[in-house]
Amino acid sequence: MPRTTPPRPFDAASVFPELAGMSRTTTRLRPRPGAPTVRESSVGGPLLWPADEPWASCSQEHDAPFALKTPDEVRTLRRIHAQEVWTAEDHAEVSRINIGHDPSLLPEGPHPLIPVAQLWARDVPGLPFPEDTDLLQVLWCPFIDIEDRRGSEAVQLRWRRAGDVAEVLDAAPEPLYVGTDELVPVPCVLHPEQVREYPATHDLDPDLAARIDSREEDRDTGYRGALSVAPGWKTGGWAAPFTFRDSGGPEELRCARCSAVGEPLLTIAHAEWDAETDSRRPIEEAHDASTTPTKVTVGRGYSLQFYVCPIDPRHLPVTVMQ
Ligand SMILES: [Zn+2]
Ligand SMILES: [Zn+2]
């Protein structure tokens, strides 16, 4: 089933002529729980990974007092939480899992990363794939503070040419424990949809932003909610609306290798829409549909954006929480 954004309530450029030419295309990924294969784009799904290539791993130590859970326990918790009725055993199981395992059980040495997203070029037109590649894979380490680890091995991107993967790895290694289930995506298939979006008001000329603000009446049909940056998981488009980088400006988005200012590559969001952006809820989905299909939460509900170097997408992306 496709996911379709309803028509926009008004034309931004006819009300504010300065906005003409400022909209960008973004691909809303629309992850929804499912059983993706290695040949499909996905969130939290299996990756098309060469059998003869070492799996991505992280060797940082995670010695903070995490309530360690095994990946199977995370799946069990989610299965129980999805049930309307819990048995006494379910209650006991949830309590037991939530206590967590003793942190001293964490094995030393490198631990496998987990799949976050796999994007085939055919599903995300406009994503700047390096020449001769058609597949982007994103993996991370399922412990907190992902957002503070820019440039570290805790978040890794792989650009591939699918045709180069002769023999596919059939069982990806999993870490023995995860530090937080908030970084473990529910396996989701994608229903990509391309939409246009305008910049967040903090990225506009202050005078124009003030005029836009003074016109806002209803939150969900105004510029902020309906026309500026689209919510949810997506590629391309503009920088996310809520930001910690107001003081740093574009400096913070510069590529560490060549200093070019990064462009939004992938946005990982807590919610697919909220009260303010309800006009972007797909017409195929009801008011009470889940807004958090992936169950991923970065930094207590903000979003995580990867910025790619416009000179060479293989340069390490800049990661910003906002
Ligand atoms: Zn790690
Ligand atoms: Zn660069």
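These numbers were taken from a predicted model, which means no experiment stands behind them.

To continue, consider the overall build of the protein chain. From N to C terminus, the protein chain includes 5 helices and 14 strands. Against the 2.2 N^0.38 benchmark of 20 Å for 322 residues, the protein chain shows a C-alpha radius of gyration of 20 Å, consistent with a compact globule. Burial analysis of the protein chain (322 residues in total) assigns 51% to the buried set. Of the roughly 15,300 Å² that the protein chain leaves accessible, carbon and sulfur atoms contribute 52%. Taking the average location of the 32 positive side-chain charges in the protein chain and that of its 51 negative ones, the two points are 3 Å from each other.

Attention shifts here to the sheet that holds strand 7 (residues 135–140). The sheet built from 6 strands is open, its strands ordered 2-9-3-6-7-8 with antiparallel pairing. With one partner strand each, in any of the chains shown, strand 2 (32–33) and strand 8 (155–160) form the two edges of the open sheet. Of the pairings in the sheet, the one linking strand 3 (residues 42–43) to strand 6 (residues 114–120) comprises 2 bridges and is antiparallel in character. When the bridges of strand 6 are listed, V43 appears paired with A117.

Relative to the helices and strands, E285 is located in the loop between strand 12 (263–269) and strand 13 (303–308). Residue class for E285 comes out buried when judged on its relative accessible area of 13%. Excluding anything up to four places from it in sequence, E285 contacts R3, R32 and W273.

With that settled, consider the sheet that holds strand 14 (residues 318–321). In space, the 6 strands of this open sheet follow the order 10-1-11-12-13-14, with antiparallel pairing throughout. On the outer flanks of this sheet lie strand 10 (193–197) and strand 14, each paired with one strand and no other. Sheet twist, expressed as the mean angle between neighbouring strand axes with direction ignored, is 25°. In this structure, strand 12 lies alongside strand 13, joined through 6 bridges in antiparallel fashion. Looking at the pairing, E263 lines up with V308 of strand 13.

The expected angle between donors at a tetrahedral four-coordinate metal is 109.5 degrees. At an octahedral six-coordinate metal it is 90 or 180 degrees. C255 (SG), C258 (SG), C309 (SG) and H315 (ND1) make up the full set of protein donors to the zinc ion (ligand 2), lying at 2.1 to 2.3 Å. For the zinc ion (ligand 2), the 4 donor atoms in the first shell make angles of 99 to 116° at the metal, a pattern classed as tetrahedral. Sequence positions of the residues that donate to the zinc ion (ligand 2) give the spacing C-x2-C-x50-C-x5-H. Of the two residues, C255 sits in the loop between strand 11 (234–236) and strand 12 while C309 sits in the loop between strand 13 and strand 14, which places them 54 residues apart along the sequence. You can call C255 buried: its relative accessible area is 5%. Residue classification places C309 among the buried positions, given a relative accessible area of 4%.

Here we come to the packing of helix 2 (residues 71–82) against helix 3 (residues 88–99). Relative orientation of the contacting elements helix 2 and helix 3 amounts to 140°, with a least axis distance of 10 Å. Classed by the angle they form, the pair helix 2 and helix 3 counts as oblique. As helix 2 runs across helix 3, the sense of the crossing is left-handed. From helix 2, E73, T76, L77 and I80 reach across to helix 3, where they touch D90, E93, V94, R96, I97 and N98. In terms of residue class, the contact of helix 2 with helix 3 is built from 4 nonpolar, 2 polar and 4 charged.

Before going further, it helps to spend a moment on unusual backbone geometry. A positive phi is found at D132, a non-glycine position, where the angle reads about 70°. Here D132 lies in the loop between strand 6 and strand 7. With a phi close to 60°, K295 is a non-glycine residue in the positive phi region. Residue placement: K295 occurs in the loop between strand 12 and strand 13.

Before going further, it helps to examine the domain arrangement of the protein chain. Annotation of the protein chain at the domain level lists domain 1 (1–30 + 191–322) and domain 2 (35–185). One C-alpha centre belongs to domain 1, the other to domain 2, and the line joining them spans 25 Å. Counting from both sides, the interface comprises 25 residues of domain 1 and, opposite them, 28 residues of domain 2. Buried area between domain 1 and domain 2, summed over both chains or domains, comes out near 2,200 Å², and the portion from carbon and sulfur atoms is 72%. Summed over the three residues of domain 1 that lose the most area to domain 2, namely L265, P313 and R314, the buried surface amounts to 21% of that side. For the interface between domain 1 and domain 2, the tally reads 0 salt bridges. Put simply, domain 1 and domain 2 have 3 residue pairs in polar contact (both at pLDDT 80 or more) between them. Those elements that place two or more of their residues in the side of domain 1 that touches domain 2 are strand 12, strand 13 and strand 14. Of the residues that constitute the side of domain 1 that touches domain 2, the class distribution is 15 nonpolar, 7 polar and 3 charged.

Rules behind the numbers
Residues numbered from 1 in each chain as written. Chains lettered and ligands numbered in written order. Predicted model: local features only at pLDDT ≥ 70, side-chain atom pairs only at ≥ 80, totals over all residues. Heavy atoms only, no water. Helix = DSSP H or I, 4+ residues; strand = E, 2+ residues; numbered from the N terminus. Rg over C-alpha atoms; globule rule 2.2 N^0.38 Å. Buried < 20%, exposed > 50% of the residue type's maximum accessible area, 1.4 Å probe, protein only. Areas by Shrake-Rupley, 256 points an atom, 1.4 Å probe, with all protein chains shown as cover. Lys, Arg positive; Asp, Glu negative; His and termini not counted. Charge placed at Lys NZ, Arg CZ, Asp CG, Glu CD. Pairing = 2+ DSSP bridges. Contact = heavy atoms within 4.5 Å. Axes fitted to C-alpha atoms, helices over the stretch in contact; angles between N-to-C directions. Donors = N, O, S within 2.8 Å, 3.2 Å for Na, K, Ca; no water. Tetrahedral: all angles 85-135°; square planar, octahedral: opposite > 155°, others 65-115°. Parallel < 35°, antiparallel > 145°, perpendicular 65-115°, else oblique. Left-handed = near helix turned anticlockwise from the far one by under 90°. Nonpolar A, V, L, I, M, F, W, Y, C, P; charged D, E, K, R; others polar. Domains from an automatic or database assignment. Buried area = accessible area lost by both parts, 1.4 Å probe. Salt bridge = Lys/Arg side-chain N within 4 Å of Asp/Glu carboxyl O. Polar contact = N/O pair within 3.5 Å; in protein donor to acceptor, adjacent residues only side chain to side chain.

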